[in-house]
Amino acid sequence: MEKSMTDLLREIRNDLKENADEKTRISGERFFREDVRLYGLKSSEVSRISQKHFTSVKGETKEYVFRICEELWRSGYLEESFIACNWSYNMYRYFDPDDLILFERWIIKYVTNWASCDTFCNHTVGTLIEMFPDEIPTIIQWTVHPQRWMRRASAVSLIVPAKKGLFLKEVFEIAGSLLSDRDDMVMKGCGWMLKVASQAHEKEVFDFIMKNRGIMPRTTLRYAIEKMPQHLKVQAMAK
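I will try to describe carefully the structure that is included in this document. For clarity, every value in this text was computed on a predicted model and none was experimentally measured.

1. As for the packing of aromatic side chains
Under the definition given, this model contains 14 aromatic pairs. Look at Tyr39 and Tyr77: their rings are 4.1 Å apart centre to centre, the planes differ by 20 degrees, and that puts the pair in the stacked class. With Tyr39 in the loop between α2 (22-29) and α3 (43-54) and Tyr77 in the loop between α4 (62-74) and α5 (78-90), this residue pair connects regions lying 38 residues apart in the sequence. For the ring pair Phe103 and Trp106, a centre distance of 5.7 Å and an interplane angle of 40 degrees mean the geometry is tilted. With Phe103 and Trp106 both in helix α6 (residues 99-110), this residue pair falls 3 residues apart, about one helical turn. Judged by relative accessible area, Trp106 falls into the buried class, the value being 0%. The structure contains a cluster of three or more aromatic residues connected by ring pairs, namely Phe66, Trp73, Phe95, Phe103, Trp106, Tyr110 and Phe120. The ring of Trp149 is capped by Arg148, whose NZ or CZ atom sits 4.8 Å from the centre of that ring.

2. Quick look at the layout of surface pockets
Taken as a whole, the largest pocket holds about 320 Å³ of empty space. In terms of lining, the largest pocket is formed by 19 residues, of which the most central are Gly28, Phe31, Phe32, Leu78 and Phe82. Residue assignment for the lining of the largest pocket shows that the elements contributing at least two residues are α2, α3, α5 and α7 (114-131). Taken together, the residues of the lining of the largest pocket sort by class into 9 nonpolar, 6 polar and 4 charged. Estimates place the volume of the second largest pocket at around 270 Å³. Elements represented by at least two residues in the lining of the second largest pocket include exactly α3, α5 and α7. Grouping the constituent residues of the lining of the second largest pocket by class yields 4 nonpolar, 9 polar and no charged.

Reading the values: rules and limits
Residues numbered from 1 in each chain as written. Predicted model: local features only at pLDDT ≥ 70, side-chain atom pairs only at ≥ 80, totals over all residues. Heavy atoms only, no water. Phe/Tyr/Trp six-rings, centres within 6.5 Å; stacked < 30°, edge-to-face > 60°. Helix = DSSP H or I, 4+ residues; strand = E, 2+ residues; numbered from the N terminus. Buried < 20%, exposed > 50% of the residue type's maximum accessible area, 1.4 Å probe, protein only. Lys NZ or Arg CZ within 6 Å of the ring centre and 35° of its normal. 1 Å grid on protein atoms, 1.4 Å probe; cavity = no way out; pocket = protein on both sides within 12 Å on 5 of 7 lines; lining within 4 Å. Points joined across faces, edges and corners; volume = space filled by probe spheres on them. Nonpolar A, V, L, I, M, F, W, Y, C, P; charged D, E, K, R; others polar.

Written out as structure tokens, the structure is:
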């Protein structure tokens, strides 16, 4: 290895600190109800730094890259979590089903906000599920997890596949399990999943909403129908 993990992490963190801006940090905090640790960089700048330093690990094993990702997650900084999300996704060609065990542990141990949850689950976890559909029962089990971010993860992990028209049966299974959830972050994630699924399966999603609107939280409902034609929105929202 040309560069030790310690040196690489130090260089990444120095880059983040040098490009941080106090005004951006304060502005970024307003997007979260939770306490979030921020350096204060725009997402485009974090992506640039992520890509720049990923060249240092090209050719390294997936296990080595994942160890670096774990250290980035461990820091608690939002920007470092985004780099961990990017790097883990970059290794998708080498994914195997057992990686879901590690990804689940990262969510439970390190995810503390919607941005880290969505960035990680939309791309890294969602891609693994597309590659290995037999692993989807694990995602469904997350719907009853006591940790709110795991329950949101169950929905947002299917955002990209659902947009492609995939896993409709599982989308409805996850949504059905989450309908009694009253955590706003979970309700929004569930509604988002239904919304993207409706782009490929409008009738089926609308029928699901109409069948369940008596127990569906209004937050979930509003998100779910956002892309639907006005006349369907009116029917769905009618008292």
